[in-house]
Amino acid sequence: MRALGASRTSVATGGILGANWARNPLWKNARAVPSLDLRFAENKSLTNAKTGASLVTFTRASSSTYVGSDGLIKTAVTNLSLRSQELGDAAWTKTLSSITADATIAPNGTTTADKLVEDSSTGAHNIAEAAAITYTSGLAYTFSFFIKKAERQTVQILTHPNPFPGTVAQRTAIFNSNTGAFVSVGSAYTGSSVTAFSDGWYRVSVSSTSDATATGNFTITLCSDDIGTSSYTGNGTSGLFLWGAQLEQASTVGEYIPTTSTINSAPRFDHNPTTGESLGLLVEDARTNLLLRSEELDNASWTKTDCTITANESTAPDDTTTADLWTNIASPGVISNSITKDTTARTYTSSLWVKGTLTQFTVSLDDGTTVNRGRVQFNLSNNTVGSIFNDGTFTSTSGTLTQFLNGWVRVTVTTTTSSGITIRLRPFFSGATSTLRVWGAQVEEGAFVTSYIPTTTATATRAADVASITGSNFGITRTNYIRNNTMVGAVVGTPGTLPTNWSVAGSAALSTQVVGTGTDSGINYIDIRCFGTTAAVASPEIYFNFDVVTAISVAQNQTWTTSCYAKIVGGTQTGIVGGELYILGLNISSGLTEAAPENFNYSSLTGTFSTCRVSKTHTFTVATTVYSQQRIDVNFTPGGGTVVDFTLRIGMCQMELGSVATAAIPTTTAAVSVFESSWYNQTEGTVFADNTNYAVSNARIVSFSDNSTSNRFIVGRGTGSSGNINFFVAVGGVTQVSSLILASSLSFGLAAKVAVAVKASDFAGSANGLAPVTQATGSMTTALSQLTIGNGETLGLNMFSGTIKRLTYWPVRLATPTLVSITQP
């Protein structure tokens, strides 16, 4: 379990800081150890390098590409299987079986692994993906699962009648989780693998190529023996553990990617296509390649004029033999591919990879004519962008050229259209016998090019990259619903006055006297003397209620925990036979509906007061329960008539939602909530980001917020076209820091380092080592609950569309000169 409580920064030169300075220049320059250090470029992971914790949640509901360290175009692993860790969900069909959710610890250390349990029927006891998935003929697919033995140890993995339809009806493999090996693998499978994990877990995969385009699913079936008998009479209790289902369009198994209600894809750690330099986490907005047949220029979707296209003639930028050869048979040779748009003027960017030595290769985007168009000439012999033309009604045309390995370059043309309803990509070059290799054509709506989106028979969309730290990974809010646990209103006297909202009752017929209040080991307490002769009843007791009956609202199926510190500190324990800490359920009329006691002995509570805490957890089961009251009891010798005299010390009582008693929260007159984080400080902090600044208006590099625009602290690119980097703070919907500009006129793709420090009436920031910008007024919000990386306050909006090398956070406001030193280019 992750420790709570905000980290604090060390400024010493020894210890952790001294040991890490040599390999952490950023820490050294800051003279402080951060609480969050995401080294995307260096580690190619989402892990916090400071602690090793995995705090970032990443999702993208589509496949996508990036540039690998070898300069080749790669496809990120995408899990097509839904609810990969929620096998009890309706996304999975259970036949003669059931799922016990969260039955054991999964390979990732969380209690999220399910158990597949057979019923007592005769037949095949299995689980299957409920939703049919469309598989494409000729493509390879790999199915994988984590498996751990329980009462059963052998399973049959069945792809039936799909995902590999056509001439092969089904494919079957049998795996034994006791030996960690396949018993058999059907010959129709092209590959299989087993990877051992700790605690008896195995990740098992099978691969094959679909021989038709059709829909299908897959099945995991329990076996009664080691040879794979999959139809038998179950006993109603036996089964095995499963976790992490994955189906991916690949010939081998990839990293595991969890899914919920949609497919999910792995984060992309991008690279410079010529040097192989690691650029960090690629975060892009959703884009659609509007062209069909992006790698099939021989297809009829492409019109060829005075040229021929030889399909799959050479190795493409993704290392597959899918690059086409374009050969002119007259001059100029032209190819084109058209899409339809509305009458609104829009900005489009086209791109494609080319390989050759032409001194003039022209790419144009037009409206179906050669009158209105944006066109750019490229010199492929020296890899430069040549002349740029705005023809007719088209405006704002620009072009780029990016070199890849093995002679390939990606050329782009961006232009703003008129009101015509056609957009046509039309590249051409002269020379009756000239040749050029081409691959990966794309037209997308937007002012700059993004990662390649391959298409076949339909357009394809890459979903937005969403990287964030939310929920308990950001921090938790705890609430003590007992309104007065610091003894406000207590008065010492004979009998004195109990704290406000408290009361005493029971069947002991004893006198009480408030003899003192104070703190013991940092715990607020009240000392109450109880004396006299216990009443002649079967079970005499005295108890103290911590609040009135209608103070705390609860509901059926909610789990709550009450706790308090208690100790006998005076008199004698003669006649005391035990104690109880109660959670009571009450109906709308304050009538008792349910009661849950925690029994304990006062005689065992003898240490320092901070060790004398008792607690009780209870899940309310009665539908009419709407209130809860908590109390502590002292129980006496049965039958009564016992003379007693003792002083009971009670401290810091608490009632909270959840199944554990957390650290005591002081209250005085009302319930109190506190926010706790292992890394974030609500009152002050410093954030550093090393990023590539793409030309996107109103985009966020990093955003701290409460999932709204009312309370937020953001660093990003300002609105307009000036290329500014600025930061902004709002509290309760009121602007506190209004877009302070840290740097301006940044060019497209320029790397930028930015650091911003926040604290009430003490804000500052710097970018690229420039003179700091400061503001000595304004409040700082203390209600933030999420960090979004390259995203806006609403996930998937205000996208950065660039790469972030490193994101670092210190839970203190670093000195203003430090902001300048850590952002030096």
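So, how was this worked out
- Residues numbered from 1 in each chain as written.
- Predicted model: local features only at pLDDT ≥ 70, side-chain atom pairs only at ≥ 80, totals over all residues.
- Heavy atoms only, no water.
- Helix = DSSP H or I, 4+ residues; strand = E, 2+ residues; numbered from the N terminus.
- Buried < 20%, exposed > 50% of the residue type's maximum accessible area, 1.4 Å probe, protein only.
- Contact = heavy atoms within 4.5 Å.
- Areas by Shrake-Rupley, 256 points an atom, 1.4 Å probe, with all protein chains shown as cover.
- Lys, Arg positive; Asp, Glu negative; His and termini not counted.
- Charge placed at Lys NZ, Arg CZ, Asp CG, Glu CD.
- Phe/Tyr/Trp six-rings, centres within 6.5 Å; stacked < 30°, edge-to-face > 60°.
- Lys NZ or Arg CZ within 6 Å of the ring centre and 35° of its normal.
- Salt bridge = Lys/Arg side-chain N within 4 Å of Asp/Glu carboxyl O.
- Pairing = 2+ DSSP bridges.
- Axes fitted to C-alpha atoms, helices over the stretch in contact; angles between N-to-C directions.
- Core = buried A, V, L, I, M, F, W, Y, C linked by side-chain atoms within 4.5 Å.
- Polar contact = N/O pair within 3.5 Å; in protein donor to acceptor, adjacent residues only side chain to side chain.
- pLDDT = per-residue confidence, 0-100.

Visitor: Just to check I follow, could you spell out the overall build of the chain for this structure?
Guide: For the chain, the count of helices and strands is five helices and 62 strands. Taken along the three principal axes of its C-alpha coordinates, the chain extends 115 × 75 × 55 Å. For the chain, buried positions account for 52% of its 825 residues. When contacts within the chain are restricted to residue pairs at least 6 apart in sequence, long-range pairs at least 24 apart make up 70% of them. Roughly 31200 Å² of accessible area belongs to the chain as shown, and the carbon and sulfur atoms make up 50% of that amount. Taking the average place of the 48 positive charges on the side chains of the chain and the average place of its 52 negative ones, the gap between the two points comes to 7 Å.

Visitor: Quick question: what am I supposed to make of the packing of aromatic side chains here?
Guide: Remark: the centre distance and the inter-plane angle together describe each pair of aromatic rings, the angle taken between the planes. Using the criterion set out here, one finds 34 aromatic pairs in the structure. Between Phe474 and Phe675, the aromatic rings sit 5.9 Å apart at their centres with planes inclined by 50°, giving tilted as the arrangement. Here the residue Phe474 occupies a position in helix H4 (residues 471-474), and Phe675 occupies one in strand E52 (residues 672-676), the gap between them amounting to 201 residues. Judged by relative accessible area, Phe474 falls into the buried class, the value being 0%. Through a chain of ring-to-ring contacts, three or more aromatic side chains come together here, namely Phe474, Phe675, Trp679, Tyr680, Phe704, Phe713 and Tyr809. Positioned over the ring face of Phe531 is Arg529, at 4.0 Å from the centre of the ring. Over the face of the ring belonging to Tyr525 we find Arg649, whose NZ or CZ atom lies 3.8 Å from the ring centre.

Visitor: Is there a simple way to explain the pattern of salt bridges in this structure?
Guide: Charged atoms that come close allow side chains of opposite charge to pair. This structure, assessed with the given rule, holds 33 salt bridges. Here Asp342 ties to Arg346 by a salt bridge, and the two come within 2.7 Å at their closest N and O atoms. We classify Asp342 as partly exposed; its relative accessible area is 35%. Residue class for Arg346 comes out partly exposed when judged on its relative accessible area of 25%.

Visitor: Looking at this structure, I do not really get the sheet that holds strand E54 (residues 699-705). What am I missing?
Guide: Taken in spatial order, the seven strands make up an open sheet running E2-E39-E61-E54-E55-E56-E57, and their pairing is antiparallel. Looking at which strands have only one partner, the edges of the open sheet turn out to be strand E2 (57-59) and strand E57 (734-743). Direction aside, the axes of adjacent strands within the sheet are offset by 15° on average. When strand E56 (residues 725-731) meets E57, the two strands line up antiparallel, connected through six bridges. In the strand pairing of E57, Val731 is matched with Val734.

Visitor: What is the right way to look at the environment of Gly254 in this model?
Guide: One can find Gly254 in the loop between strand E21 (239-248) and strand E22 (264-265). Note on Gly254: relative accessible area 14%, which makes it buried. Distance in space between the C-alpha atoms of Gly254 and Gln513 is 70 Å, their sequence separation being 259 residues. Not counting residues within four places of it along the chain, the set of residues in contact with Gly254 comprises Val77, Arg203, Gln246 and Glu248.

Visitor: Is there a simple way to think about the nonpolar core in this case?
Guide: Across soluble globular proteins, you tend to see nonpolar side chains buried next to one another. With 46 residues, the main nonpolar core has Trp679, Phe704, Phe713, Leu787 and Ile789 as its most contacted residues. For Phe704, the contacting residues outside a window of four places in its chain are Phe474, Trp679, Tyr680, Val687, Asn711, Arg712, Phe713, Leu784, Gln786, Leu787 and Tyr809. Formed by 42 residues, the second largest nonpolar core is a distinct cluster that contains Ala508, Trp560, Tyr602 and Met655.

Visitor: Would you explain the sheet that holds strand E12 (residues 140-148) in this entry?
Guide: Sheets are built from strands that pair by backbone hydrogen bonding, the pairs being arranged parallel or antiparallel. The strand order E7-E8-E21-E12-E17-E16 describes an open sheet built from six strands, whose pairing is antiparallel. Of all the strands in the sheet, just strand E7 (97-104) and strand E16 (191-196) have a single pairing partner and so form its edges. The sheet shows a mean angle of 30° between the axes of neighbouring strands, direction not considered. Bridge count for E7 against strand E8 (residues 113-118) is five bridges, and the pairing is antiparallel. Residue Ser97 lies in a different strand from E8, and its bridge partner there is Glu118.

Visitor: Please explain the environment of Thr450 as it appears in this structure.
Guide: Locating Thr450 in the fold gives a position in the loop between strand E37 (435-445) and strand E38 (460-462). Spatially, the C-alpha atoms of Thr450 and Thr362 are 20 Å apart, while their sequence positions differ by 88 residues. Apart from the residues lying within four places of it in its own chain, the contact partners of Thr450 are Glu284, Asp285, Arg287, Arg410, Gln442, Glu444 and Arg462.

Visitor: Help me out: how do you make sense of the environment of Thr788 in this one?
Guide: Along the polypeptide, Thr788 turns up in strand E61 (residues 786-789). For Thr788, the residues in contact, after removing those within four places along its chain, are Ala467, Ser468, Ile701, Val702, Ser703 and Leu795. Among the polar contacts listed, one links the side chain of Thr788 to the backbone oxygen of Asn791, at a separation of 3.1 Å. Looking at Thr788, its side chain comes within polar contact range of the main-chain oxygen of Gly792, at 3.1 Å.

Visitor: Is there a simple way to think about the side chain of Arg375 in this case?
Guide: For Arg375, the position within the fold is in strand E32 (residues 373-379). Its relative accessible area of 16% is what places Arg375 among the buried residues. There is a polar contact of 2.5 Å between the side chain of Arg375 and the side chain of Asp391.

Visitor: Any chance you could explain the pairing of strand E28 (residues 323-328) here in plain terms?
Guide: Successive side chains on a regular strand alternate, one facing one side of the sheet and the next facing the other. Counting buried positions over the six residues of E28 gives five, a clear majority of the element. Looking at chain direction, strand E27 (residues 307-314) and E28 are connected through five bridges and run antiparallel. Across the sheet, residue Thr310 finds its bridge partner in E28, namely Leu325. The pairing of E28 with E37 spans four bridges and is classified as antiparallel. Within E37, the position partnered with Thr327 by the bridge is Thr435.

Visitor: It is not clear to me how the side chain of Lys616 should be interpreted in this structure. Could you clarify?
Guide: Within the secondary structure layout, Lys616 lies in strand E49 (residues 613-619). Of the side chains with opposite charge, Glu598 comes closest to the buried, unpaired Lys616, at an N-O distance of 4.0 Å.

Visitor: Help me understand the confidence of the model for the chain in this model?
Guide: Do not read the fine detail of predicted coordinates wherever pLDDT is low. In this model, the chain carries a mean pLDDT of 92, and residues with pLDDT of at least 70 account for 94%. Throughout residues 1-19 the model reports pLDDT below 50, and contacts reaching past four residues in sequence, or to other chains, amount to 40 contacts. Counting contacts from residues 161-168, a segment whose pLDDT is below 50, to residues more than four positions away or on other chains yields 25 contacts.

Visitor: What exactly am I supposed to notice about unusual backbone geometry here?
Guide: The phi angle of most residues is negative, glycine excepted, and most peptide bonds adopt the trans form. The peptide bond linking Ser331 to Pro332 adopts the cis configuration, its omega dihedral lying at 0°. Summarising the element assignment, Pro332 is placed in the loop between E28 and strand E29 (333-340). Residue Pro495 is reached from Thr494 by a cis peptide bond, and omega for that bond is 10°. By the element assignment, Pro495 lies in the loop between strand E40 (476-480) and strand E41 (503-506). Phi is positive for Ser801, close to 55°, though the residue is something other than glycine. Mapped onto the elements of the fold, Ser801 is located in the loop between E61 and strand E62 (802-810).

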